[in-house]
Amino acid sequence: MRIDWNKGLPEQYAAAVIAPFSFERFEDDMASARKFRGFDASGCMCYYRHAYSRTAPWLDDEDCFQESETYYEEVIAWRLANGRWLVRRYEAGGEEGHCGRRLAAPRYAIVDAAPCQP
């Protein structure tokens, strides 16, 4: 299984993150949800990613129901060599109930713990 674990990783942090040695992958197509965890050679989690979307029915111009994405979230986190975590959070949709074209920029933060502990 190939996982693009450094997608979204800013260049200035490339040398500071712990590279994953193995991965766990969880997917639920019905819920449009995915979760990945990466582990270093000693078995400690060093990478985390989840993404999911919500949809809602809408009536198009021809009076046919379609599914439209109303919310999307993706969180990616990398463990830094100092033990802290770099977290990238991307969200679209929400207030107006429409996801649009997912044009918002992701937000980055350095935190003390992984966004989701195993």
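Fair warning: this is a prediction, and the values are worked out from it, not measured in the lab.

Moving on to the overall build of the chain. Counting its secondary structure elements, the chain contains zero helices and six strands. Tracing the chain from N to C terminus, the helices and strands come up as β-β-β-β-β-β. Across the 118 residues in the chain, those meeting the buried criterion constitute 32%. A sequence separation of at least 24 residues applies to 39% of the contacts in the chain between residues at least 6 apart. Total accessible area on the chain stands at roughly 7,700 Å², and carbon and sulfur atoms take up 49% of it.

Within the element layout of this structure, Tyr-72 appears in strand β4 (residues 65-79). Each C-alpha atom of the pair Tyr-72 and Tyr-90 lies 8.0 Å from the other, and the pair is 18 residues apart in sequence.

Here we take up the packing of aromatic side chains. Centre distance and the angle of the planes are the two values used to describe a pair of aromatic rings. Summed over all chains, the structure comprises three aromatic pairs. A centroid spacing of 5.8 Å and a plane angle of 45° characterise the contact between Tyr-52 and Tyr-71, whose relative ring orientation is tilted. Placement of Tyr-52 in strand β3 (residues 45-59) and of Tyr-71 in strand β4 is noted, with a sequence separation of 19 residues between them. A residue is classified by how much of its surface remains accessible, and Tyr-71, at 9% relative accessible area, is buried. Note that Lys-35 overlies the ring of Phe-26, its terminal NZ or CZ placed 5.4 Å from the centroid.

Rules and cut-offs
- Residues numbered from 1 in each chain as written.
- Predicted model: local features only at pLDDT ≥ 70, side-chain atom pairs only at ≥ 80, totals over all residues.
- Heavy atoms only, no water.
- Helix = DSSP H or I, 4+ residues; strand = E, 2+ residues; numbered from the N terminus.
- Buried < 20%, exposed > 50% of the residue type's maximum accessible area, 1.4 Å probe, protein only.
- Contact = heavy atoms within 4.5 Å.
- Areas by Shrake-Rupley, 256 points an atom, 1.4 Å probe, with all protein chains shown as cover.
- Phe/Tyr/Trp six-rings, centres within 6.5 Å; stacked < 30°, edge-to-face > 60°.
- Lys NZ or Arg CZ within 6 Å of the ring centre and 35° of its normal.

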